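# Descriptive structure summary
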Amino acid sequence: QTITVSATALPGGNTFWIGIQDGWNNVRYVEGTGSLSHNFAITSSGNYRVLVQNRSSVTLTATGAYSYY
């Protein structure tokens, strides 16, 4: 099973994370700028949160989506 997360953050060129957080608060993420997409493998059952986190010093506007399959 997989959760695919994708997001675009503006203004571009600023660092942000996309990721997932499991029920034990473990976070897996990828870091980048502009547009990101990543497939996260689900290794255990339970609840997950999808996250986008700003890692830059400027305000970002993010849009995105996720899918589970």
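The following refers to the structure shown. None of the values given here were measured: they were computed from a predicted structure.

As a further point, take the sheet that holds strand β1 (residues 2-10). What the 3 strands build is an open sheet, ordered β4-β1-β6; its pairing is antiparallel. The open sheet has two free edges, formed respectively by β4 (35-41) and β6 (61-68), since each of these has just one partner strand. Here the average twist between neighbouring strands, direction ignored, is 15 degrees. Sheet topology places β1 next to β4; 7 bridges connect them, and they run antiparallel. Along β4, the bridge assignment pairs Ser6 with Ser37.

The next thing to look at is the side chain of Thr2. Tracing the chain through its elements places Thr2 in strand β1. In this structure Thr2 comes out as buried when scored by relative accessible area, which is 17%. Those residues in contact with Thr2, other than ones at most four positions away along the chain, are Asn39, Phe40, Ile42, Ser67, Tyr68 and Tyr69.

About the cut-offs
Residues numbered from 1 in each chain as written. Predicted model: local features only at pLDDT ≥ 70, side-chain atom pairs only at ≥ 80, totals over all residues. Heavy atoms only, no water. Pairing = 2+ DSSP bridges. Helix = DSSP H or I, 4+ residues; strand = E, 2+ residues; numbered from the N terminus. Axes fitted to C-alpha atoms, helices over the stretch in contact; angles between N-to-C directions. Buried < 20%, exposed > 50% of the residue type's maximum accessible area, 1.4 Å probe, protein only. Contact = heavy atoms within 4.5 Å.

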